[in-house]
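Okay, here's what each chain looks like letter by letter:
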Amino acid sequence: MSRRAAADDYIDPDSRFAIVEGRNLHYKRAGTGPAVLLLHGSGSSLHCFDEVAAALSSSFDVIRPDLPGFGLTGPRADRDYRIQTYAETVAAFLDAIGVSMASVVGNSLGGNIAWNFALDHPQRVDRLVLINATGYPGKSLPLALRLARNPIGRVLMRNLASRSATERNLRSAVGSRPSVVDDAMVDRVHAMLTRPGNQEAFIDFANTDQIDRTAEIPAIAAPTLVLRSASVDGQHFTRDIPGSLERVHSSGGHLLPDEDPEWVASAVLNFLTAEANSPKKGKS
């Protein structure tokens, strides 16, 4: 039987580390051109954007960090997983690597951080792409987050952090293409989840009270593209962000960058390279 993958197996020649707020933050950077920052979701890592990043790097300087609490960056010592804290960490990270402005693309939690960053640092956001972003009250939560918020579920997560459980959680989060949850994906996500401190960080994040800032969303001024799976509820970004554009994936689930990277990359590339965006909202 082959050895199970460990998190450190995913440190490769493209891995970089920056000192951000006194801790090592893992990231990857490839390509040249205007900066594009890719922010992954909860329970994930920068690897979810592997194919999207490869497609964008021919035209852009593509930067993708492992957010604190996840991936090879690992947990925060202060256990502060508020969204606005994440937004400040993103600002500090960009400072550390010498980037003053970027287009910001975020999936799920990464999308939540992205729109909060656009509110708090509007001068640093060229364009904004929200992929199944979170932040609105009442939005349905993935199974893993629901378990982490339940006292019994937390015990189960700590004691049954098995590869098979990871596979079940991933399958519950994807849409009509369950084949994307292959051995490589399960190995990677399980390795990151079981990296020392990451599981507790995920539980801490899931149980952090977040401030509802959705009333501020109409103040977002950056040109915005909303990418949404038809099956994902609780999203009103196109309604609330003036001039925003929307594309709806008919069969995707919560993990669009993993499920259909070609669709995501094409939509993002078209949006970022467009000379001008229509002032009207649209769907396609």
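Residues numbered from 1 in each chain as written. Predicted model: local features only at pLDDT ≥ 70, side-chain atom pairs only at ≥ 80, totals over all residues. Heavy atoms only, no water.

A closer look at helix α3 (residues 109-120)
Under the 1.5 Å per step criterion, the end-to-end length of α3 is 16 Å for twelve residues, consistent within 8% with the ideal 16 Å. The buried fraction of α3 amounts to eleven of the twelve residues, a majority that puts the element mostly inside the structure. Buried residues in α3 make contact with β3 (35-39), α2 (83-96), β5 (102-107), β6 (125-131), α8 (198-206) and α9 (237-240). (Helix = DSSP H or I, 4+ residues; strand = E, 2+ residues; numbered from the N terminus. Expected span 1.5 Å × (residues − 1). Buried < 20%, exposed > 50% of the residue type's maximum accessible area, 1.4 Å probe, protein only. Contact = heavy atoms within 4.5 Å.)

A word on the pattern of salt bridges
Tallied over the full model, the rule gives 18 salt bridges. Of the charged contacts, one joins D78 and R76 as a salt bridge, the two residues approaching to 2.8 Å between their closest N and O atoms. On the basis of relative accessible area, D78 is assigned to the partly exposed category, the value being 44%. Residue R76 is classed as buried on the basis of its relative accessible area, which comes to 8%. For R188, the salt bridge goes to D258, with nearest N and O atoms at 3.6 Å. (Salt bridge = Lys/Arg side-chain N within 4 Å of Asp/Glu carboxyl O.)

With respect to the packing of helix α6 (residues 163-173) against helix α7 (residues 183-193)
Look at α6 against α7: their axes get within 9 Å of each other, and the N-to-C directions meet at 115°. As summarised for this structure, α6 and α7 are arranged roughly perpendicular, according to the angle between their axes. For the element pair α6 and α7, the recorded crossing hand is right-handed. Contacts from R163, T166, E167 and L170 in α6 reach D183, M185, V186, D187, V189, H190 and L193 in α7. Grouping the amino acids of the contact of α6 with α7 by side-chain chemistry returns five nonpolar, two polar and four charged. (Axes fitted to C-alpha atoms, helices over the stretch in contact; angles between N-to-C directions. Parallel < 35°, antiparallel > 145°, perpendicular 65-115°, else oblique. Left-handed = near helix turned anticlockwise from the far one by under 90°. Nonpolar A, V, L, I, M, F, W, Y, C, P; charged D, E, K, R; others polar.)

Here we look at the sheet that holds β6
What the eight strands build is an open sheet, ordered β1-β2-β4-β3-β5-β6-β7-β8; its pairing is mixed. Two strands bound the open sheet, and with one partner strand each, they are β1 (16-20) and β8 (245-249). Sheet twist, expressed as the mean angle between neighbouring strand axes with direction ignored, is 25°. Judged from the four bridges that link them, strand β2 (residues 23-30) and strand β4 (residues 61-65) form a sheet pairing that is antiparallel. In the sheet register, K28 faces β4, and the bridge partner there is R64. Docked against the sheet, α2 engages β1, β2, β3 and β4, running at close to 115° with respect to β1. (Pairing = 2+ DSSP bridges.)

Some points on the confidence of the model for the protein chain
Predicted confidence across the protein chain gives a mean pLDDT of 90, with 88% of residues reaching 70 or more. Every residue in residues 276-284 scores below 50 in pLDDT, and together they form 23 contacts with partners more than four places removed in sequence or on other chains. (pLDDT = per-residue confidence, 0-100.)

A look at the environment of A201
Note on placement: A201 falls in helix α8. Ignoring any residue separated from it by four or fewer positions in sequence, one finds A201 in contact with G69, P75 and Y81.

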